[in-house]
Amino acid sequence: MERFVETFCQAAASVLSQCSGQEWKVRSDVSVIENREIRAVLATSGGLNGELMVEFSHKIAHELALALLGPEAQVAEAEEREALTELLRQVCGTAATALRPRFSEVSFAVALEDPKWTPQAFASLVLEKPEWSGAARLCFSEELLAGMRDLVIETDRPALEGAQSSGNLDLLMDVQLGVRLRFGSRRMRLREILELQPGSVVELDRQVQEPVDLLVDKKLIGRGEVVVVDGRYGLRVGEVVTARERVESLRKDPR
């Protein structure tokens, strides 16, 4: 999945830069949270079968449409949807070419609609151009994930091997680390804190449907959905940082 997300980011950056004449950068960032009202389903076929969904806000959708139509364009809703569909088709075409060595021929069908399936994994994206940035999210179906499970992510091997040779990673495998879930946060005045009493409600900065953070020794490594397992709270992980980043985190702060 990590290689797929990386390829999709590179394809999006390439297409956006070519269409707009500006340099765009697209990268994965697990810490990003932003409203997402527009959804596009990308159905894959050929060497990789399943469905992928892209979510973004109306603000991001408008900016993406202008990248294709030009910054001075007066974009109506229908034109914006057409521009988004065409832009996603171009991104998918570029991504399909990059994925060919790994999955042979891959085809994408693009439709601006809600999925008829429940996402099983997520990847947050940051889109950047000069003096502007926004966010989107990729959501993966179970079928698509199943097609990737046998994939060995070669980019993580050098990091693991390097950590094992230079940092003796094997010696750290039994080290215990504190794992916590963070549902949200809020800044409060001292007066408000002193007024707290049984029955008080403290509203956090995160909505119920948004994923919670998974922290390891105060470091964010992933996000997901809260579940109950045998009467205990648990987390169904939806997003996670790369193995490279996790290894580097251990090397910098081995406890």
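Given the structure is predicted, the values throughout are model-derived calculations rather than measurements.

(A) Region of the structure containing the overall build of the protein chain. Looking only at helices and strands, the protein chain features seven helices and 10 strands. Within the span of the protein chain, comprising 255 residues, buried residues form 40% of the whole. Looking at the protein chain alone, contacts between residues at least 24 apart form 60% of all its contacts between residues at least 6 apart.

(B) Spotlight on the packing of aromatic side chains. For the structure shown, the criterion picks out two aromatic pairs. A ring pair is formed by F4 and F140, whose centres lie 5.8 Å apart and whose planes are at 75°; its orientation type is edge-to-face. In this pair, F4 is assigned in helix 1 (residues 2-20) and F140 in strand 6 (residues 132-140), connecting sequence segments 136 residues apart. There is no split in this pair, since F4 and F140 are both buried.

(C) Representation of the pattern of salt bridges in the model. Overall, the coordinates contain 12 salt bridges when judged by the stated rule. As a salt-bridge pair, R186 and E192 come within 4.0 Å of each other at their nearest N and O atoms. By sharing partners, the salt bridges in this structure join R39, E55, D114 and R137 into a single network.

(D) Layout of the sheet that holds strand 6. Here we have six strands laid out as an open sheet, ordered 1-5-6-3-2-4, and antiparallel in their pairing. Two strands in the sheet have a free side with no partner beyond their single neighbour: strand 1 (25-28) and strand 4 (106-111). The mean inter-strand angle of the sheet, taken between neighbouring strand axes irrespective of direction, is 25°. Taken strand by strand, helix 1 contacts strand 1, strand 2 (38-46), strand 3 (50-56), strand 4, strand 5 (121-129) and strand 6, and its axis lies near 165° from that of strand 1. Docked against the sheet, helix 2 (residues 58-69) engages strand 2, strand 3, strand 5 and strand 6, running at close to 105° with respect to strand 6.

(E) Spotlight on the sheet that holds strand 9 (residues 219-229). Strand order in the open sheet formed by four strands is 7-8-9-10, and the pairing between neighbours is antiparallel. In the strand order of this sheet, the two ends are held by strand 7 (179-182) and strand 10 (232-240), each with one partner. Sheet twist, expressed as the average angle between the axes of neighbouring strands with direction ignored, equals 45°.

(F) Spotlight on helix 1. An ideal rise of 1.5 Å per residue puts 27 Å on 19 residues; helix 1 measures up with 27 Å between its terminal C-alpha atoms. Turning to helix 1, its buried residues number three or more, namely R3, F4, V5, T7, F8, C9, A11, A12, A13, V15 and L16.

(G) Representation of helix 2 in the model. Taking 1.5 Å per residue as the helical rise, helix 2 with its 12 residues ought to reach 16 Å, and the 16 Å between its terminal C-alpha atoms agrees with that figure. For helix 2, the full list of buried residues reads I60, A61, E63, L64, A65, L66 and A67. Turning to helix 2, the residues buried within the fold contact helix 1, strand 2, strand 3, helix 3 (77-103), strand 5 and strand 6. Two residues or fewer past helix 2, G70 is found with a positive phi of approximately 110°.

(H) Representation of the pairing of strand 8 (residues 212-216) within the structure. In terms of residue burial, strand 8 counts as a mostly covered element, since five of its five residues are buried. Here four bridges tie strand 7 to strand 8, and the two strands are oriented antiparallel to one another. The residue bridging V179 from the neighbouring strand is V216, located in strand 8. Summarising the sheet, strand 8 and strand 9 pair through five bridges and their orientation is antiparallel.

(I) Structural detail: the packing of helix 1 against helix 2. At their nearest, the axes of helix 1 and helix 2 sit 7 Å apart, and the two run at 55° to each other. The angle between helix 1 and helix 2 places the two elements in the oblique class. The segment helix 1 lies against helix 2, with L16, C19 and S20 engaging L64, A67 and L68. Counted by class, the contact of helix 1 with helix 2 contains five nonpolar, one polar and no charged residues.

(J) Region of interest: unusual backbone geometry. If you check the backbone angles, E131 has positive phi at about 65° while not being a glycine. Here E131 lies in the loop between strand 5 and strand 6. Residue E131 is classed as exposed on the basis of its relative accessible area of 86%. Its identity as a non-glycine residue notwithstanding, D230 has a phi of 55°, on the positive side.

(K) How the structure looks around the packing of helix 1 against helix 3. Orientation of helix 1 relative to helix 3, taken along the N-to-C sense of each, is 135°, at an axis distance of 8 Å. Relative to helix 3, helix 1 is oriented oblique. With respect to the hand of their crossing, helix 1 and helix 3 are arranged in right-handed fashion. Each of R3, F4, T7, F8, A11, A12, V15, L16 and C19 in helix 1 lies in contact with helix 3, whose residues at this interface are L87, Q90, V91, T94, A95, A98, L99 and R102.

Scoring rules and cut-offs
- Residues numbered from 1 in each chain as written.
- Predicted model: local features only at pLDDT ≥ 70, side-chain atom pairs only at ≥ 80, totals over all residues.
- Heavy atoms only, no water.
- Helix = DSSP H or I, 4+ residues; strand = E, 2+ residues; numbered from the N terminus.
- Buried < 20%, exposed > 50% of the residue type's maximum accessible area, 1.4 Å probe, protein only.
- Contact = heavy atoms within 4.5 Å.
- Phe/Tyr/Trp six-rings, centres within 6.5 Å; stacked < 30°, edge-to-face > 60°.
- Salt bridge = Lys/Arg side-chain N within 4 Å of Asp/Glu carboxyl O.
- Pairing = 2+ DSSP bridges.
- Axes fitted to C-alpha atoms, helices over the stretch in contact; angles between N-to-C directions.
- Expected span 1.5 Å × (residues − 1).
- Parallel < 35°, antiparallel > 145°, perpendicular 65-115°, else oblique.
- Nonpolar A, V, L, I, M, F, W, Y, C, P; charged D, E, K, R; others polar.
- Left-handed = near helix turned anticlockwise from the far one by under 90°.

Limitation: the analysis is restricted to geometry and does not speak to function.
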